[in-house]
Amino acid sequence: MKLDRRHTLKALAGLALCPLCGPAAFAADAHHWGYEGEAGPSHWGDMDAASKVCTLGSQQSPIDIDRTIRAELAPLDIKWGRDAAATIVNNGHTIQVNAAPGSTLSLGGDTYKLLQFHFHRPSEHTVDGKSFPMEVHFVHQNAAGGLAVVGVLMKTGAANAAFAKVIATMPQKEGPPVPADAAIDPGAFIPKGRSYYRYTGSLTTPPCSETVEWLLMAEPVEVAESDVSGFAKLYAMNARPVQKANRRFILRSG
Ligand SMILES: [Zn+2]
């Protein structure tokens, strides 16, 4: 997942994104990191003090989903408005759709607000070592600043109207957010099967903060291969490699 420092904070002024709110976060140039070479994931921990956890952390994301434990997890309680897509931005790292207020996820009696969703190619999480063509991350935050991210793996197959609209309307060049098309219904990315994996992890981009409850849908959603190709023209590779699970357990619902 990612929270772009400049555009997200501009777009979400008034919402507390506390781990990223300090002056240092604003001072850091979001372009000092990337996915290849000197700016690539193996160097993220060396950029600044705030990003050291990228290298030193023990609960980093993404991970390979392997050896899961069946658990009595509550069904995902997602309440996203069909018209939640407010703006769409090409932030230099991904295509991101910023959400209007009012869409929520309930988790453990706590309410998390949907802030934004964005895309990775290929998938960041893998399942039994297998990656998928893409992955979408729905980033939510509760009042205490904790994050809950719903991840959905994307495979090629039938076209998905909402994703097709993202590809048709995404800004081709990096720049400020522009109004999003009303047809970008976030709920269209949720697969029919609602089984999911849960584990504790981190942002998958600097500063890699270990503040994320990960909820990864077990069933992928289908999107058109041509739309994946459209995304790849802008971002051929924007996925962090899988990290060590260390002492974490991965729970599976249902
Ligand atoms: Zn992400």
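Everything below is about the structure shown above.
Residues numbered from 1 in each chain as written. Predicted model: local features only at pLDDT ≥ 70, side-chain atom pairs only at ≥ 80, totals over all residues.

Caption draft 1: Layout of the overall build of the protein chain. Check the secondary structure of the protein chain and you find 5 helices and 15 strands. In the protein chain, buried positions account for 43% of the 254 residues. Within the protein chain, counting contacts between residues at least 6 apart in sequence, those at least 24 apart form 69% of the total. (Helix = DSSP H or I, 4+ residues; strand = E, 2+ residues; numbered from the N terminus. Buried ≥ 20, exposed ≤ 12 C-beta atoms within 10 Å, placed from the backbone. Contact = placed C-beta atoms within 7 Å.)

Caption draft 2: Quick peek at the pairing of strand β9 (residues 134-141). Of all 8 residues making up β9, 8 are buried, and the element is well covered by its neighbours. Burial along β9 is two-sided: Met134, Val136, Phe138 and His140 facing one way and Glu135, His137, Val139 and Gln141 facing the other are all buried. Note that strand β7 (residues 110-120) and β9 share 7 bridges and pair antiparallel. The residue of β9 that forms the bridge with Phe117 is Phe138. Here 8 bridges tie β9 to strand β10 (residues 147-156), and the two strands are oriented antiparallel to one another. Each bridged residue has a counterpart across the sheet, and for Met134 the counterpart in β10 is Met154. Hairpin connection of β9 to β10: 5 residues between the antiparallel strands, including Gly145 at a positive phi of 95°. (Pairing = 2+ DSSP bridges.)

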